[in-house]
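The chain contents come next:
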Amino acid sequence: MDDLSRFCCLNADCPDYARRDAGNLSVCMRYGQAHQHRLLYCKTCRGRFSDRKGTPLFGARLSPDKLLAVLAHLADGCGVRQTARLVGVGKNTVNRLALRAGRHARQLHDELVGFSPLDHEGPAR
Ligand SMILES: [Zn+2]
């Protein structure tokens, strides 16, 4: 059985958009050379999307190992050039992944910060 509790519908027009573990998703197909990717189906809006859509992994042609190594090095504070050298990939690849991962982190940040209580005192001085 696939655990889909961390996934949510990515169709912004869907009533269940961005609701995790809402019971609306199922796996309708597997794809990729080793059938490692899943195509998810939302029964609310009848939309289909990859389980990697909305993550920095979506559409990346790098092997998952290298890709995670790149992200780990960046998260650890390595620069683009250093990361490229250590992982053995091109600088442009690292740049592209950094931008993508950054956008994803920003979305997650905005989502999580959306639940923070308002600070009526204003910023600390
Ligand atoms: Zn949906």
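One can find the structure itself at the top, above this paragraph.
A brief report on the enclosed structure follows. (Residues numbered from 1 in each chain as written. Predicted model: local features only at pLDDT ≥ 70, side-chain atom pairs only at ≥ 80, totals over all residues. Heavy atoms only, no water.)

1. Remarks on the sheet that holds strand β3 (residues 48–50)
Turning to step 1, where the next piece is worked out: One open sheet accounts for three strands, arranged β1-β2-β3; its pairing is antiparallel. Edge positions in the open sheet fall to β1 (25–31) and β3, since each of these has one partner strand only. Neighbouring strand axes in the sheet, compared pairwise and without regard to direction, differ in orientation by 30° on average.
Turning to step 2, where the next piece is worked out: In this sheet, strand β2 (residues 37–42) lies alongside β1 in antiparallel orientation, the contact comprising six bridges. (Pairing = 2+ DSSP bridges. Helix = DSSP H or I, 4+ residues; strand = E, 2+ residues; numbered from the N terminus. Axes fitted to C-alpha atoms, helices over the stretch in contact; angles between N-to-C directions.)

2. Some details on the coordination of the zinc ion
Turning to step 1, where the next piece is worked out: With distances of 2.2 to 2.4 Å, the protein atoms coordinating the zinc ion are Cys9 (SG), Cys14 (SG), Cys42 (SG) and Cys45 (SG).
Turning to step 2, where the next piece is worked out: Every donor counted, the four donor atoms about the zinc ion form angles of 105 to 112° at the centre, which fits tetrahedral coordination.
Turning to step 3, where the next piece is worked out: If you list the donors of the zinc ion from N- to C-terminus, the spacing comes out as C-x4-C-x27-C-x2-C. Pair noted here: Cys14 is in the segment before β1 and Cys45 is in the loop between β2 and β3, with a separation of 31 residues, a long-range link.
Turning to step 4, where the next piece is worked out: Given a relative accessible area of 24%, Cys45 falls into the partly exposed group. (Donors = N, O, S within 2.8 Å, 3.2 Å for Na, K, Ca; no water. Tetrahedral: all angles 85-135°; square planar, octahedral: opposite > 155°, others 65-115°. Buried < 20%, exposed > 50% of the residue type's maximum accessible area, 1.4 Å probe, protein only.)

3. Quick word on the nonpolar core
Turning to step 1, where the next piece is worked out: One finds Leu67, Val70, Leu71, Ala84, Val87, Val89, Val94, Leu97 and Ala101 forming the largest nonpolar core, which totals nine residues.
Turning to step 2, where the next piece is worked out: Among residues more than four places away in sequence, those in contact with Ala84 are Val89, Gly90, Lys91 and Val94.
Turning to step 3, where the next piece is worked out: Counting eight residues, the second-largest nonpolar core is a separate cluster that includes Phe7, Cys9, Cys14 and Phe49. (Core = buried A, V, L, I, M, F, W, Y, C linked by side-chain atoms within 4.5 Å. Contact = heavy atoms within 4.5 Å.)

4. Description of helix α1 (residues 64–75)
Turning to step 1, where the next piece is worked out: Spanning 12 residues, α1 covers 16 Å between terminal C-alpha atoms, matching the ideal 16 Å at 1.5 Å per step.
Turning to step 2, where the next piece is worked out: Every buried residue of α1 is listed here: Leu67, Val70 and Leu71. End-on, the buried residues of α1 take up no more than an arc of 90°, which puts them together on one face.
Turning to step 3, where the next piece is worked out: In the segment just after α1, Gly77 is the residue with positive phi, at about 95°. (Expected span 1.5 Å × (residues − 1). Arc of directions from axis to C-beta.)

5. Things to note about the side chain of His37
Turning to step 1, where the next piece is worked out: You can see His37 is positioned in strand β2.
Turning to step 2, where the next piece is worked out: For His37, the contacting residues outside a window of four places in its chain are Met29, Arg30, Tyr31, Gly32, Asp51 and Arg52.

6. Considering the pairing of β2
A regular strand carries its side chains on alternate faces of the sheet.
Turning to step 1, where the next piece is worked out: Counted residue by residue, β2 has five buried out of six residues, so it is predominantly covered.
Turning to step 2, where the next piece is worked out: Adjacent in sequence and paired antiparallel, β2 and β3 are bridged by five residues, among which Arg46 carries a positive phi angle near 60°.

7. Examining the packing of α1 against helix α2 (residues 80–87)
Axes are the key here: two packed helices are described by the angle between their axes and the distance separating the axes.
Turning to step 1, where the next piece is worked out: Look at α1 against α2: their axes get within 9 Å of each other, and the N-to-C directions meet at 145°. Seen along the crossing, α1 lies across α2 with a hand that is right-handed. Contacts between α1 and α2 involve Lys66, Ala69, Val70, His73 and Leu74 on the former and, on the latter, Thr83, Leu86 and Val87.
Turning to step 2, where the next piece is worked out: For the contact of α1 with α2, the class distribution of residues is five nonpolar, two polar and one charged. (Left-handed = near helix turned anticlockwise from the far one by under 90°. Nonpolar A, V, L, I, M, F, W, Y, C, P; charged D, E, K, R; others polar.)

8. A look at the side chain of Asp51
Turning to step 1, where the next piece is worked out: Tracing the chain through its elements places Asp51 in the loop between β3 and α1.
Turning to step 2, where the next piece is worked out: Leave out the neighbours within four places in its chain, and Asp51 touches Phe7, His37, Arg38 and Leu40.

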